[in-house]
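Spelled out from the first residue to the last, the chains are:
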Amino acid sequence: MVNQHQERGKEWLEELLRLSRLPASIEVADGEAPLGERPSYWLTIDNSQLTSKDTQTLIGREGEVIDSIQYLANSLLNLGHDEEEQAVYVIDIDSYRARREVELQAIAEHAAMKVRQTGKEFELKSLSAAERRQVHTLFKAFEDLETLSRGQEPDRRLVVRRRY
């Protein structure tokens, strides 16, 4: 059964795609929301009727387009709603999010190895805000390491260092 948040997200994304002349259906699923956090919903664009070029356009270079669509969805769909009424929307197409998560895991493991070998900070550049949050979360499993963000957008970087 589709709830109000899911329906609102689905309709918003379908309209955005229609206006972009990229009509596609949207699959909606519940995401994992940590205890006490806002509910999470996955809105997956069915790319079976799109060309590979259309799919790549929606993902964008280094995921910047799909990240922007996701940012817009979260901003606009939660606008004017009290915090307890807000939700987190994850936009995906062609399993991009799963592939990118594997890449981010490898990047995090490489950074952890470098910091442990050298004892020096390691900076990760070119991550979106959402990806920085994912990497911060990944590093919670490393008791000897910590992460922080440094700099200002668009040059914000994630720093990995030994925990003191």
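Visitor: Before we go on, may I ask you to explain the nonpolar core in this structure?
Guide: Looking at soluble globular proteins, one finds that nonpolar side chains tend to be buried together. Formed by 21 residues in total, the largest nonpolar core has its most connected members in L13, L17, I45, L58 and I91. Secondary structure elements with two or more residues in this core: α1 (4-19), β2 (40-45), α2 (52-59), α3 (64-78) and β3 (88-93). Looking at which element gives the most residues to this core, the answer is α3, with four residues. Those residues in contact with L17, other than ones at most four positions away along the chain, are L22, P23, A24, I26, I45 and L58.

Visitor: What am I meant to see in the sheet that holds strand β4 (residues 122-124) here?
Guide: Through backbone hydrogen bonds, the strands of a sheet pair up, either in parallel or in antiparallel fashion. The three strands are arranged β4-β6-β5 in an open sheet whose pairing can be described as antiparallel. One side of each edge strand has no neighbouring strand; the edge strands of this open sheet are β4 and β5 (145-150). Here the strands of the sheet are splayed against their neighbours by 25 degrees on average, with no regard to which way each runs. Summarising the sheet, β4 and strand β6 (residues 157-162) pair through three bridges and their orientation is antiparallel. Residue pairing in the sheet places E123 in a bridge with V159 of β6. The strands touched by helix α4 (residues 96-118) are β4, β5 and β6; relative to β4, the strand with the most contacts, the crossing angle is about 160 degrees.

Visitor: Explain the pairing of β2 to me, please; I cannot follow it from the model alone.
Guide: Side-chain direction in a regular strand flips from residue to residue, so the side chains alternate between the two faces of the sheet. Pairing analysis gives five bridges linking strand β1 (residues 26-30) to β2, with the strands arranged antiparallel. What sits directly across from E27, in β2, is T44. The sheet contact formed by β2 and β3 spans six bridges and is parallel. Counted as the bridge partner of Y41 is Y89 from β3.

Quick notes on the rules
Residues numbered from 1 in each chain as written. Predicted model: local features only at pLDDT ≥ 70, side-chain atom pairs only at ≥ 80, totals over all residues. Heavy atoms only, no water. Core = buried A, V, L, I, M, F, W, Y, C linked by side-chain atoms within 4.5 Å. Buried < 20%, exposed > 50% of the residue type's maximum accessible area, 1.4 Å probe, protein only. Helix = DSSP H or I, 4+ residues; strand = E, 2+ residues; numbered from the N terminus. Contact = heavy atoms within 4.5 Å. Pairing = 2+ DSSP bridges. Axes fitted to C-alpha atoms, helices over the stretch in contact; angles between N-to-C directions.

These values are about where atoms sit, not about what they do.
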